[in-house]
Amino acid sequence: MTALPLCSISVDVDTLRFYHDIHGLPSPSPHQADAIYTHAMPRILRMFRNLGIRGTFFIIGEDAHVPAHQEILHQIIEEGHEIANHTYHHPYRLTALSPAQMEEEIAQAEEILQPFLKEGQRIVGFRSPGYNTTPELLQILRDRGYLYDSSVFPSSPYYLAKASVMGIMQLLGRPSRALLGSPKVLRAPYHPYKPAGNPYVPAKSPKEDDLWQLPIAVVPGLQLPLIGTYLILYPELLLKAMLQWALKIYPFFNLELHAIDFFDAYNDPGASALIPHQHDLRVSLTRKLARMEDSFTQIQKSHICLPLAEVLSSMPQLAPPPKS
Ligand SMILES: [Zn+2]
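For clarity, every value in this text was computed on a predicted model and none was experimentally measured.

Definitions and limits used
Residues numbered from 1 in each chain as written. Predicted model: local features only at pLDDT ≥ 70, side-chain atom pairs only at ≥ 80, totals over all residues. Heavy atoms only, no water. Helix = DSSP H or I, 4+ residues; strand = E, 2+ residues; numbered from the N terminus. Contact = heavy atoms within 4.5 Å. Core = buried A, V, L, I, M, F, W, Y, C linked by side-chain atoms within 4.5 Å. Buried < 20%, exposed > 50% of the residue type's maximum accessible area, 1.4 Å probe, protein only. Phe/Tyr/Trp six-rings, centres within 6.5 Å; stacked < 30°, edge-to-face > 60°. Donors = N, O, S within 2.8 Å, 3.2 Å for Na, K, Ca; no water. Salt bridge = Lys/Arg side-chain N within 4 Å of Asp/Glu carboxyl O.

Draft legend 1. Spotlight on the environment of alanine 64. Counting through the fold element by element, alanine 64 comes out in the loop between strand 2 (56–59) and helix 3 (67–78). When the C-alpha atoms of alanine 64 and leucine 113 are compared, they prove to be 7.0 Å apart, with 49 residues separating the residues in sequence. Excluding residues that lie within four positions of it along the chain, alanine 64 makes contacts with Gln70, Leu73, Ile112, Leu113 and Phe116.

Draft legend 2. How the structure looks around the nonpolar core. Met41, Phe57, Ile83, Phe253, Phe263 and Phe296 are the most contacted members of the largest nonpolar core, which has 75 residues in total. If you tally residues by element for this core, the top one is helix 2 (residues 35–51), at 9 residues. Apart from the residues lying within four places of it in its own chain, the contact partners of phenylalanine 296 are Ile9, Met47, Phe48, Leu51, Ile53, Leu255, Leu257 and Phe262. Counting residues in each nonpolar core, the second largest holds 15 residues, with Leu6, Phe58, Leu312 and Ala319 among its members.

Draft legend 3. Structural context of the environment of alanine 246. Topologically, alanine 246 is positioned in helix 8 (residues 236–249). For alanine 246, the contacting residues outside a window of four places in its chain are Pro220, Leu226 and Phe253.

Draft legend 4. A look at the packing of aromatic side chains. A full pass over the atoms with the stated rule returns 8 aromatic pairs. Three or more aromatic residues link up through ring pairs in this structure, and these residues are Phe48, Phe57 and Phe296.

Draft legend 5. Summary view of the coordination of the zinc ion. Protein-derived coordination of the zinc ion comes from Asp14 (OD), Asp14 (OD), His86 (NE2) and His90 (NE2), at a distance range of 2.1 to 2.4 Å. Each donor residue of the zinc ion belongs to the same chain, and together they define the spacing D-x71-H-x3-H. Here the residue aspartate 14 occupies a position in the loop between strand 1 (6–13) and helix 1 (16–22), and histidine 86 occupies one in the loop between strand 3 (82–85) and helix 4 (99–113), the gap between them amounting to 72 residues. Histidine 86 sits in the buried class, given a relative accessible area of 1%.

Draft legend 6. Inspection of the pattern of salt bridges at higher detail. According to the stated counting rule, one finds 11 salt bridges in the structure shown. The closest approach of N and O atoms between glutamate 79 and arginine 49, which form a salt bridge, is 3.3 Å. Of this pair, glutamate 79 sits in the loop between helix 3 and strand 3 while arginine 49 sits in helix 2, and the two are 30 residues apart along the sequence. Given a relative accessible area of 45%, arginine 49 falls into the partly exposed group. Residues arginine 142 and aspartate 210 are paired through a salt bridge, measuring 2.7 Å at the closest nitrogen-oxygen approach. One end of the pair, arginine 142, is in helix 5 (residues 135–143); the other, aspartate 210, is in the loop between helix 6 (156–171) and strand 6 (212–213), with 68 residues separating them in the sequence. Relative accessible area serves as the criterion here: at 23%, arginine 142 is assigned to the partly exposed category. For aspartate 210, a relative accessible area of 14% puts it in the buried group. One continuous salt-bridge network, built from bridges that share partners, spans Asp12, Arg127 and Glu256.

Now the structure itself:
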């Protein structure tokens, strides 16, 4: 068992059509090869290989039908990373569906993703689109034998920004497809825990074999987001200082990226319509790659990076016991 602090770098492989959807723009078909897979993913895999990082990739089931995407899915497994479930259609309103519909989203993704795994492997991790979760969703994951969920993002600036954008879109008569989710998330622990009935509260006497909740890292105290988009956007010195502070606090650091963080919107195909809508897409690829590499190297000085499924065996040592 590892004594050193651990980190997981996970990547939500959301294809460009979801960003078009968010901004109310016409989107490409789900059955076309997407530049997130053909252009951004090879860059991520190369950087992980060069730095000796093995991570977790949250894959949308529907995307696994496209041959150009399948090559990347095979490569993910060949290179020792984990594939985890990000639903079949990536519905932003997943938690507003009926339990049967939610389970269908999870089961369909499992079915299409399982053949990419090695013999004896199975999908054990889940992340919900838009970071929303409910007791019903967690129960479906438990019933299907999942070992962890990583959908909790306790960042108040992120939550408030999402609420304001949704409010503005509503006023403009273009209601967002997103779901705001419960504000209780803002009181969720930063450290891994086994949830009680309320998904944001640790169980007082957690069962040995229950599902872990692995919250996504934020800057402790301030709750500023520390996900890939902000690694790109924060001023460099501030980012280094915040990372250093967070790494001191977290014995397990759960860094979430999106594959679009490695995208070159000016030269890669398919995203020019998104550029006016997203600040991060106006940052040059050279700067993005440098930010990612510098941040990963900083993390690796104190933490060992492993896929989320592989950190679970060390959790009893890394997660503080729930407060009674
Ligand atoms: Zn997603």
